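Descriptive structure summary
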Amino acid sequence: MGKLIYLDNAATTKTAPEVVEAMLPYFTEKFGNPSSVYSFASGNKDVIAAQREIIGNALGAKANEIYFTAGGSESDNWALKATAEAYQGKGNHIITSKIEHHAILHTCQYLESRGFEVTYLDVDENGLIKLDDLKAAIRPTTILISIMFANNEIGTIEPIKEIGEIAHEHKILFHTDAVQAFGQVPINVDECHIDMLSSSGHKLNGPKGIGFLYIRSGVKIRSFVHGGAQERKRRAGTENVPGIVGFGKAVERAVSSMEKRTSYERELRDYMIERISKEIPYCRLNGDPVKRLPNNVNFSFRFVEGESMLINLDLKGICASSGSACTSGSLDPSHVLLAIGLPHEIAHGSLRMTLNEEITKEDIDYVVDNLKDIVELIRSMSPLYEDFLKKQK
């Protein structure tokens, strides 16, 4: 393989070498089932407990409030479905936003088919929910507010502390999907009045197939997977010890490097945004220019189709993703981009690039230089662009 510049870290990240090193013994030497009574295996209970402590400390939470899952989607499903079941005696209304990950949106649709009512809040042109809209949506029957910490496509960071305060004031449970945010921005569950929080290991240089759901002590949601006494009888199934160890090491790594790493990513992000904005005409930055993840760059380019950009970038060794879902076989543009007000034809021409600490300024220059040529090439074949230029004259 020739040159490779990986700019799709919101999709998944490379597992860090020290994470792999920490996991390896638990595949071969320390492979015992933590539920077994003999010391060879039961010692892994202490190992799991140590990872809970690391993750809890990173959130300002207690270790016994961390429940390991198979990933962010499971954690989201658990938070919504179990809350709906446990609190249906109080009410049947849930509030979320139109730009949530499909793990939330599809779960809400499922709950609607079971008789629950869901309010999907609008967002502004930068992807931020309006707190007045949230307050207005609250009913006596509202049992849960679920708003993502930061959007996976456009990088906008929501006013989580203020949302938590509103939920707390009205005695409504508050869940946040923090899959993109955990490890990228500081999070304190007490300061933000967060009752449940979802995370996934492979978004912060940990392994795939492992996540957690933080559940505040006193929240009475029930078990999600039945069959055994694991995770304090709330999530059955033999614990993924290598994954849990890897997740703990990844969290340790992310927390210790966060300030320096995100400062570097933010500098590169802003440099990339500035170059694209100045050098490629008829483009639009998607997401809040200030309240955004340190590593997220998302642009829409008029008269350009997202999939064509991805293919041409790939030929140059550049991995990115489109704001459009066309690469998954759907002709529909991203629900997030439509929610912030983009028309279909512009939403289809979107590109998301998410950085990591290994990207250099030279890499950014290489990407932008090639992107300029690619956009120009695609537009040169567009009769719509040709007509647009004629009208401009």
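In the block above lies the structure referred to throughout.
Residues numbered from 1 in each chain as written. Predicted model: local features only at pLDDT ≥ 70, side-chain atom pairs only at ≥ 80, totals over all residues. Heavy atoms only, no water.

A few points about the nonpolar core
Heads up, the condition is: Among the buried residues, those of types Ala, Val, Leu, Ile, Met, Phe, Trp, Tyr and Cys that are joined through side-chain atoms within 4.5 Å form a nonpolar core. Buried means the residue's accessible area, taken with a 1.4 Å probe over protein chains only, is under 20% of the maximum for its type, while exposed means over 50%, and partly exposed covers the values in between. Runs of H or I in DSSP of at least four residues are treated as helices and runs of E of at least two as strands, each being numbered from the N terminus. In what follows, a contact means two residues having at least one pair of non-hydrogen atoms within 4.5 Å.
Within the largest apolar cluster, 56 residues are counted, with the highest numbers of intra-cluster contacts made by Leu59, Ile187, Ile194 and Phe212. Elements with a minimum of two residues in this core: α3 (39-59), β2 (66-69), α6 (131-137), α7 (160-169), β8 (211-215), α9 (241-279), α11 (335-339) and α12 (344-347). Considering each element in turn, this core owes the most residues, six residues, to α9. Once residues lying within four places of it in the same chain are set aside, the contact partners of Phe212 are Ile55, Leu59, Ile66, Tyr67, Phe68, Thr69, Ser75, Phe182, Leu197, Ser198, Ser199 and Phe247. Met272, Ile280, Val304 and Ile364 belong to the second-largest nonpolar core, a separate cluster that totals 27 residues.

A short note on a nonpolar patch on the surface
Put simply, the test is: Like charges within 9 Å and nonpolar side chains (Val, Leu, Ile, Met, Phe, Trp, Tyr) within 5 Å are joined into patches, using only residues over 30% in relative accessible area that form no salt bridge. Here the accessible surface of atoms and residues is derived via Shrake-Rupley with a 1.4 Å probe, and residues count as covered only by protein chains that are part of the display. Each reported salt bridge corresponds to a side-chain nitrogen of Lys or Arg within 4 Å of a carboxyl oxygen of Asp or Glu.
Side chains of Phe31, Val37, Tyr38 and Phe40 sit close together on the surface and give an oily, nonpolar patch of about 490 Å² of accessible area. Along the chain, Tyr38 falls in the loop between α2 (25-28) and α3. Under the relative-accessibility criterion, Tyr38 is labelled partly exposed at 48%.

A look at the packing of aromatic side chains
Heads up, the rule is: Aromatic contacts are taken between Phe, Tyr and Trp rings whose centres are within 6.5 Å, Trp giving its six-membered ring; a plane angle under 30 degrees counts as stacked, one over 60 as edge-to-face, and the others as tilted.
For the structure on display, the rule yields ten aromatic pairs. Measuring from centroid to centroid gives 5.6 Å for Phe212 and Phe247, while their planes differ by 35°, and the two rings are tilted. Taken together, the residues Phe212 in strand β8 and Phe247 in helix α9 connect sequence positions 35 residues apart. A single burial state applies to Phe212 and to Phe247, both of which are buried. A centroid spacing of 6.4 Å and a plane angle of 70° characterise the contact between Tyr282 and Tyr385, whose relative ring orientation is edge-to-face. Separated by 103 residues along the polypeptide, Tyr282 in the loop between α9 and β9 (283-285) and Tyr385 in helix α14 (residues 383-392) bring together distant segments of the chain. You can call Tyr282 partly exposed: its relative accessible area is 31%.

A few points about the sheet that holds strand β13 (residues 350-354)
Adjacent strands of a sheet form backbone hydrogen bonds with each other and so pair up, either parallel or antiparallel. Here is the rule: Pairing between two strands is assigned when DSSP locates at least 2 bridges connecting them. In this analysis, axes come from line fits to C-alpha atoms, helices being fitted only over the stretch in contact, and the angle between any two N-to-C directions falls in the range 0 to 180 degrees.
The four strands lie next to each other as β9-β10-β13-β12, forming an open sheet whose pairing is antiparallel. Two strands in the sheet have a free side with no partner beyond their single neighbour: β9 and β12 (321-322). Relative to strand β10 (residues 296-301), β9 runs antiparallel, the two sharing three bridges. Note on β10: the bridge partner recorded for Cys283 is Phe301. The sheet contacts of α9 involve β9, β10 and β13, and relative to β10 the element is tilted by about 15°.

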